[in-house]
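So the chains spell out like this:
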Amino acid sequence: MKTGFVNIFGRPNAGKSTLLNLLMGEKLAIVSSKVQTTRHRIKGILTEKDYQVIFSDTPGIIEPKYKLHEKMMQAVKNSLEDADVALLILDINDDWTTCDEIFSSLKLKVPALVVINKIDTAKKEKLDHAISFFTGKTYSKKIIPISAKEARYKEEILKNILEFLPEGEKFYDEDEITDLSTRFFVAELIREKIYELFEQEIPYQTTVIVQEFKEKTTLVKIRAEIIVHRETQKAIILGEGGKMIRKLGTASREEIEKFLSRKVFLELFVKVREKWREREDYLREFGY
Ligand SMILES: Nc1nc2c(ncn2[C@@H]2O[C@H](COP(=O)(O)OP(=O)(O)OP(=O)(O)O)[C@@H](O)[C@H]2O)c(=O)[nH]1
Ligand SMILES: [Mg+2]
């Protein structure tokens, strides 16, 4: 039996969460076109007859600017420590030198596969250049060009991962797919809709907590709080006459119903917690 931790690292927006979802064959991690979507380490456990891989999606690697960022980079650090194999993913359209510097700075002691992502957006010539750029880098065992949005790349990546995975016993039961709670995923799905519906600083100054999750006979009743920095942001999230929060509520509910395969009654509230991203007590309370 092959088993181990395969952790995904890269710059913001490289496609780490999309890759986790591809490998898991289902949506565990939220995805958005904006940078810094993922804030936690998200484990996905894939168990088959002859292997168990514990994948981890991680926040995009950045220079921390406030305490929340520091927490995000701590999640990256923790994931560096227990990896058996690292997937170093980059957007082919990103700056390769910067990606190379970041990958080198991780000082990995485990085999790493360089995953060149979003090849659907680039010409073959550019891909050839990227491959030769990353060939021979000390951290790179292999280079795998993919498009994380296309299911057909899954087998190819898995095959390469298994080659470098150690033999061992299973860590988790086969019916476990993650170590995080349903409440966490529900909050994430609401956060994903906030990234979609709001611009500028709103997604970055917002977090979501599920306060109540009650399974009733016909539906699941969920009460969630959206935390913002300032009153002005609360007004934006509510929108004129509550227009925006209703839109957010509907979009979130549909997504949560898909995730739970159940009917959902969702209530959203907005609360102001000044400078929550800077404050240790708030960050802890909000699960960071
Ligand atoms: N065209 C194309 N877009 C992709 C591909 N993979 C991911 N994307 C898009 O790239 C954007 C970022 O994807 P994410 O998976 O959220 O990226 P991430 O690395 O997890 O980002 P952070 O969590 O912010 O660090 C989303 O809009 C994805 O739909 C791909 O193979 N091709
Ligand atoms: Mg992500």
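It should be emphasised that the depicted structure is a prediction, and the values quoted were computed from it without experimental measurement.

How each quantity is defined
- Residues numbered from 1 in each chain as written.
- Chains lettered and ligands numbered in written order.
- Predicted model: local features only at pLDDT ≥ 70, side-chain atom pairs only at ≥ 80, totals over all residues.
- Heavy atoms only, no water.
- Donors = N, O, S within 2.8 Å, 3.2 Å for Na, K, Ca; no water.
- Helix = DSSP H or I, 4+ residues; strand = E, 2+ residues; numbered from the N terminus.
- Buried < 20%, exposed > 50% of the residue type's maximum accessible area, 1.4 Å probe, protein only.
- Core = buried A, V, L, I, M, F, W, Y, C linked by side-chain atoms within 4.5 Å.
- Contact = heavy atoms within 4.5 Å.
- Salt bridge = Lys/Arg side-chain N within 4 Å of Asp/Glu carboxyl O.
- Phe/Tyr/Trp six-rings, centres within 6.5 Å; stacked < 30°, edge-to-face > 60°.
- Lys NZ or Arg CZ within 6 Å of the ring centre and 35° of its normal.
- Lys, Arg positive; Asp, Glu negative; His and termini not counted.
- Polar contact = N/O pair within 3.5 Å; in protein donor to acceptor, adjacent residues only side chain to side chain.

S.K.: I'd like a rundown of the coordination of the magnesium ion (ligand 2), residues and numbers included.
M.R.: Only S17 (OG) and T38 (OG1) from the protein reach the magnesium ion (ligand 2) as donors, at distances of 2.0 to 2.1 Å. Within this pair, whereas S17 is found in helix α1 (residues 16-24), its partner T38 is found in the loop between α1 and β2 (42-48), the two being separated by 21 residues in sequence. Taking the relative accessible area as the measure of exposure, S17 reaches 7% and is therefore buried.

S.K.: Give a description of the nonpolar core that names residues and reports values.
M.R.: In terms of nonpolar packing, the biggest core is built from 65 residues, with L19, F55, L87, I116 and F134 touching the most fellow members. Residues in contact with L19, not counting those within four places in the same chain, are I8, L87, I89, I146, A148 and I157. In this structure, A187, V228, M244 and L266 belong to the second largest nonpolar core, which totals 27 residues.

S.K.: Got a sec to walk through the pattern of salt bridges? Specific residues and values, please.
M.R.: Close approach of charged atoms allows side chains of opposite charge to pair. For the structure on display, the rule yields 30 salt bridges. Of the charged contacts in the structure, one is a salt bridge between R284 and E280, with a shortest N-O distance of 3.2 Å. Here the residue R284 and the residue E280 both occupy positions in helix α9 (residues 280-285), the gap between them amounting to four residues, near one helical turn. Since its relative accessible area comes to 57%, R284 is described here as exposed. Linked through salt bridges whose partners overlap, the residues forming this network are K27, E192, K193, E196, E255 and K258.

S.K.: Now, about the packing of aromatic side chains: what can you tell me, with residues and values included?
M.R.: Each aromatic ring pair is summarised here by two numbers: the centre-to-centre distance and the angle between the ring planes. If you walk through the whole model with that rule in mind, you get eleven aromatic pairs. Consider the rings of F5 and F171, whose centres lie 5.2 Å apart with planes at 65°: the pair is edge-to-face. Of the two residues, F5 is situated in strand β1 (residues 2-10) and F171 in the loop between α5 (154-164) and α6 (182-197); the sequence distance between them amounts to 166 residues. Classification of F5 as buried rests on a relative accessible area of 11%. Centre to centre, the rings of W96 and F133 are 5.8 Å apart; their planes meet at 50°, and the pair counts as tilted. Of this pair, W96 sits in helix α3 (residues 96-105) while F133 sits in helix α4 (residues 124-134), placing them 37 residues apart in sequence. The ring of Y66 carries R277 above its face, with NZ or CZ at 3.6 Å from the centroid. We note R279 situated over the ring of Y282; from NZ or CZ to the ring centre the distance is 4.2 Å.

S.K.: Could you give an account of the side chain of D57, with specific residues and numbers?
M.R.: Here D57 lies in strand β3 (residues 51-57). In this structure, D57 is buried with no salt-bridge partner, the nearest side chain bearing the opposite charge being K16 at 5.8 Å. Polar contacts involving the side chain of D57 include one to the side chain of S17, which spans 2.5 Å. Leaving out residues up to four positions away in the same chain, D57 has contacts with K16, S17, L20, A29, T38, H40, R41 and I42.

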